[in-house]
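Spelled out, the chains give:
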Amino acid sequence: MHAKVVAADEDVALLGSANLTDRALAHNLEVGVVLRDPDVVRRLVGHFRALIRPQDGPLRPAG
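Residues numbered from 1 in each chain as written. Predicted model: local features only at pLDDT ≥ 70, side-chain atom pairs only at ≥ 80, totals over all residues. Heavy atoms only, no water.

Draft legend 1. Representation of the overall build of the chain in the model. From N to C terminus, the chain includes 2 helices and 3 strands. Since a compact globule built from 63 residues should have a radius of gyration of about 11 Å, the 13 Å found for the chain marks it as more spread out than a globular shape. With respect to the principal axes defined by its C-alpha atoms, the chain has extents near 40 × 25 × 20 Å. Across the 63 residues that make up the chain, the buried fraction comes to 14%. Here the contacts in the chain between residues at least 6 apart in sequence split such that 29% fall between residues at least 24 apart. Counting only carbon and sulfur atoms, one obtains 57% of the accessible surface of the chain, whose full area is about 5100 Å². Separation of charge centres in the chain, based on 8 positive and 8 negative side chains, amounts to 5 Å. (Helix = DSSP H or I, 4+ residues; strand = E, 2+ residues; numbered from the N terminus. Rg over C-alpha atoms; globule rule 2.2 N^0.38 Å. Buried < 20%, exposed > 50% of the residue type's maximum accessible area, 1.4 Å probe, protein only. Contact = heavy atoms within 4.5 Å. Areas by Shrake-Rupley, 256 points an atom, 1.4 Å probe, with all protein chains shown as cover. Lys, Arg positive; Asp, Glu negative; His and termini not counted. Charge placed at Lys NZ, Arg CZ, Asp CG, Glu CD.)

Next up, the structure:
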């Protein structure tokens, strides 16, 4: 599984395997779960924010 996360804020997130494309959503068998535990969502959001920190994160923000 190649997991994806979409965080609406620090309280709710969607964790799943679906690519967010028309083809993937229409033709692939995927799974996802809505996370509503603020502690878990905040940890996920914090992890991704750390990944895009200019001083030490390996990723760069888009745009």
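Draft legend 2. Main features of helix H2 (residues 38-51). In this model, H2 (14 residues) spans 20 Å end to end at C-alpha, consistent with the 20 Å of a helix rising 1.5 Å per residue. Between a side-chain oxygen at the N-terminus of H2 and the backbone nitrogen of Asp39 the separation is 2.9 Å; the capping residue is Asp37. (Expected span 1.5 Å × (residues − 1). Polar contact = N/O pair within 3.5 Å; in protein donor to acceptor, adjacent residues only side chain to side chain.)

Draft legend 3. Inspection of the sheet that holds strand E1 (residues 4-7) at higher detail. If you walk across this open sheet you meet the 3 strands as E1-E2-E3, and the pairing is antiparallel. Every other strand in the sheet has two partners, leaving E1 and strand E3 (32-35) as the edge strands with one partner each. Direction aside, the axes of adjacent strands within the sheet are offset by 15° on average. (Pairing = 2+ DSSP bridges. Axes fitted to C-alpha atoms, helices over the stretch in contact; angles between N-to-C directions.)

Draft legend 4. Fine view of the environment of Glu10. As for its placement among the helices and strands, Glu10 is situated in the loop between E1 and strand E2 (13-16). Taking the C-alpha atoms as reference points, Glu10 and Arg53, separated by 43 residues in sequence, lie 18 Å from one another. Ignoring any residue separated from it by four or fewer positions in sequence, one finds Glu10 in contact with Pro38, Val41, Arg42, Val45 and Arg49. One polar contact links Glu10 to Arg49, side chain to side chain, over a distance of 2.6 Å.

Draft legend 5. View of the pattern of salt bridges. Inspection of every chain in the model, using the stated rule, returns 3 salt bridges. Between Arg49 and Glu10 there is a salt bridge, with the nearest N and O atoms lying 2.6 Å from each other. Linking Arg49 in helix H2 with Glu10 in the loop between E1 and E2, this pair joins segments that are 39 residues apart in sequence. Its relative accessible area of 29% is what places Glu10 among the partly exposed residues. Its salt-bridge partner being Arg42, residue Asp39 comes within 3.2 Å of it at the nearest N-O pair. A residue pair is termed a helical-turn pair when its members lie 3 or 4 positions apart in one helix, as Asp39 and Arg42 do in helix H2 at 3 residues. Judged by its relative accessible area of 38%, Arg42 falls in the partly exposed class. Bridged by salt links that share partners, the residues Asp11, Asp39 and Arg42 form one connected network. (Salt bridge = Lys/Arg side-chain N within 4 Å of Asp/Glu carboxyl O.)

Don't take any of this as a statement about function, it's just geometry.
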